[in-house]
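Chain and residue survey
Now for the letters of each chain:
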Amino acid sequence: LFKRLGLWEACFDGFEYTTDYIGKAYYGCWWIFHKEYHYIRQWILPPWFKSVQTLMTFAIVFHIAGLALLPSASGHRENASREGITSVIMGLCGCALAVSVTVFGIMIGEDRTWMPRPDIDEPSWSFGLAVVSGFFAFFATIAMAVHTLMRKWELLPHDDLNMSKRSISTLP
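Our subject in this report is the structure included herewith. In this text the structure is predicted, and so the values were computed from the model without any measurement.

**Looking at the state of the cysteines**
Taken as a whole, this structure holds one disulfide when the rule is applied. Through a disulfide, C11 is tied to C29; the S-S separation comes to 2.0 Å. Between C11 and C29, the S-S dihedral sits near 115°, and the bridge is therefore right-handed. Here C11, found in strand β2 (residues 9-16), pairs with C29, found in strand β3 (residues 25-31); they are 18 residues apart in sequence, far enough to count as distant. When its relative accessible area of 1% is taken as the criterion, C11 is described as buried. Given the relative accessible area of 35%, C29 is considered partly exposed. Lacking any disulfide linkage, C93 is separated from the closest cysteine sulfur, that of C95, by 9.2 Å.

**Examining the sheet that holds strand β1 (residues 2-5)**
Read from one edge of the open sheet, three strands run β1-β2-β3, paired in antiparallel fashion. The sheet terminates laterally at β1 and β3, the two strands that pair on one side only. Strand-to-strand twist across the sheet, computed as the mean angle between neighbouring axes with direction ignored, equals 10°. Sheet topology places β1 next to β2; three bridges connect them, and they run antiparallel. From the neighbouring strand, L5 faces β2, where its bridge partner is A10.

**Describing the nonpolar core**
Grouped together as the largest cluster of nonpolar side chains are 26 residues, with contacts concentrated most on F12, Y37, I40, W43, I44 and F49. Among the elements that line this core, the one with the most residues is helix α3 (residues 80-110), at six residues. The contacts of I44, once residues within four sequence positions are left out, are L5, F12, I32, Y37, F49 and W114.

Parameters at a glance
Residues numbered from 1 in each chain as written. Predicted model: local features only at pLDDT ≥ 70, side-chain atom pairs only at ≥ 80, totals over all residues. Heavy atoms only, no water. Disulfide = S-S within 2.5 Å. Helix = DSSP H or I, 4+ residues; strand = E, 2+ residues; numbered from the N terminus. Buried < 20%, exposed > 50% of the residue type's maximum accessible area, 1.4 Å probe, protein only. Pairing = 2+ DSSP bridges. Axes fitted to C-alpha atoms, helices over the stretch in contact; angles between N-to-C directions. Core = buried A, V, L, I, M, F, W, Y, C linked by side-chain atoms within 4.5 Å. Contact = heavy atoms within 4.5 Å.

Written as structure tokens, this is what we have:
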């Protein structure tokens, strides 16, 4: 009957939705917005699942933007602000991943009307990779923030005492 469901694809093998007026049996894997699933789209896509899709889309966009900015941010001392921006973008990526994984993890157990046979439904390897990706995004955020702060600190004088001694010794 029900094979699997991803963020953008649903796979069925002879699934018949009970409240579907046309009584159609669904076979194969299709894009979740395909016309094949027009009659059951409201059931496949509850509001919380749409929010998970949106947050995961933002996460991938933030991740790509952070990876695109990273080479231009490293290497020069003057690019500490770009490193800070990259750190913030990776932080947003980690937050979007954390919220979406948490919502999905909670709702697959709570929303009993969503999937048939919720007692045998369980997250697959892709859910685990999303969790690991969130941890790595937060680790990258912390590492880039620390590196950015260290570079900003190197741009400033190390202590005011040495600067005042040098200015006094240069007086005539």
